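Here's the letter readout for the chains.
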Amino acid sequence: MARSVRCPAIVLQTHDVGEADRFCILFTRDAGRVAARARGCRRMGSSMGAALLPLRESMVDLRQSGDAWHVTEARSLGNGEWSLEQYTNAIRGIELLLVLLEDEQPLHDMYDDLSQFLKACTHNEDPILPFTVRTLQHLGLLPLESTHDLYAHLPAAERDAVAAMQQEDWPHAQGGTVLQQLVRRIIGEHAARSLRVEGSLLQW
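In this report, we go over the structure that sits alongside the text. Here the structure is a predicted model, which is why all the values come from computation and not from measurement. (Residues numbered from 1 in each chain as written. Predicted model: local features only at pLDDT ≥ 70, side-chain atom pairs only at ≥ 80, totals over all residues. Heavy atoms only, no water.)

What follows concerns the sheet that holds strand β2 (residues 21–28). Around the barrel, 5 strands lie side by side as β1-β2-β3-β5-β4; this closed barrel has mixed pairing. On average, each strand axis in the sheet is tilted by 55° relative to the strand beside it, whichever way the strands run. Here 7 bridges tie β2 to strand β3 (residues 32–38), and the two strands are oriented antiparallel to one another. Bridging from a neighbouring strand, Thr28 pairs with Gly32 of β3. Lying over the sheet, helix α2 (residues 108–122) contacts β1 (3–17), β2 and β4 (57–65), oriented at roughly 50° with respect to β1. (Pairing = 2+ DSSP bridges. Helix = DSSP H or I, 4+ residues; strand = E, 2+ residues; numbered from the N terminus. Axes fitted to C-alpha atoms, helices over the stretch in contact; angles between N-to-C directions. Contact = heavy atoms within 4.5 Å.)

Structure representation (structure tokens):
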């Protein structure tokens with residue numbers, strides 16, 4: 001039986017297919033990561049084309065038929081122009097999700113974090129480390145408590161940074177190289193492949 005869903009989604013990645021279609025990797029608020037095909041969205045005059053670009057947050061209508069998802073409607077919710085620096089910072093967070101997330105795994109808090117991360121990037125901030133820590137914690141790969149044994153080799157200031165990354169203004173939290181090394185090791189153990197974006201955590 002076909003299933004239909006309308007929900008906010010952030011476009012993680014796209015690939016052009018055929019003459020007018022686009023294959024999209026979406027991170028949706030209600031269905032998690034979804035791979036869906038948008039038929040005809042690249043045609044002149046299509047209302048979906050601008051809403052299905054990387055980093056764009058949109059309201060999408062999804063229809064599942066068998067194992068395949070299709071985007072039937074999409075309306076942009078914002079996230080228009082990006083400078084090169086803003087885009088470079090944002091795509092590092094997107095790449096992290098592409099290698100760690102499994103399909104159709106709803107993660108409402110992570111969706112909110114991604115939206116906040118992208119907004120911080122548009123303000124010329126670089127919150128990749130706190131976003132990574134929070135992502136690993138949402139996935140159960142990094143304990144929430146900064147006193148956990150996994151953090152034993154972190155200096156006190158960096159354990160305080162982990163605690164700060166649990167607060168409302170987490171994009172502004174700062175961590176050091178030891179914390180970077182810790183999350184890099186965890187990503188290396190769990191990522192489906194190496195991160196390819198220049199400056200990503202696995203390349204620090």
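The next subject is helix α3 (residues 128–138). Among the 11 residues that make up α3, 10 are buried, leaving the element largely enclosed by the rest of the structure. Buried within α3 we find Ile128, Leu129, Pro130, Phe131, Thr132, Val133, Arg134, Thr135, Leu136 and Gln137. Once α3 finishes, Gly140 follows within two positions and takes phi at roughly 75°, a positive value. (Buried < 20%, exposed > 50% of the residue type's maximum accessible area, 1.4 Å probe, protein only.)

The biggest cluster of nonpolar side chains holds 41 residues, and the ones touching the most others in it are Phe27, Leu114 and Leu179. Of all the elements in the fold, those that place two or more residues in this core are β1, β2, α1 (84–100), α2, α3, α4 (156–164) and α5 (177–190). Contacts of Leu179, omitting those with residues within four sequence positions, involve Leu129, Val133, Leu154, Glu158, Val162 and Met165. Membership of the second largest hydrophobic core comes to 19 residues, among which are Cys41, Ala51, Leu52 and Leu62. (Core = buried A, V, L, I, M, F, W, Y, C linked by side-chain atoms within 4.5 Å.)

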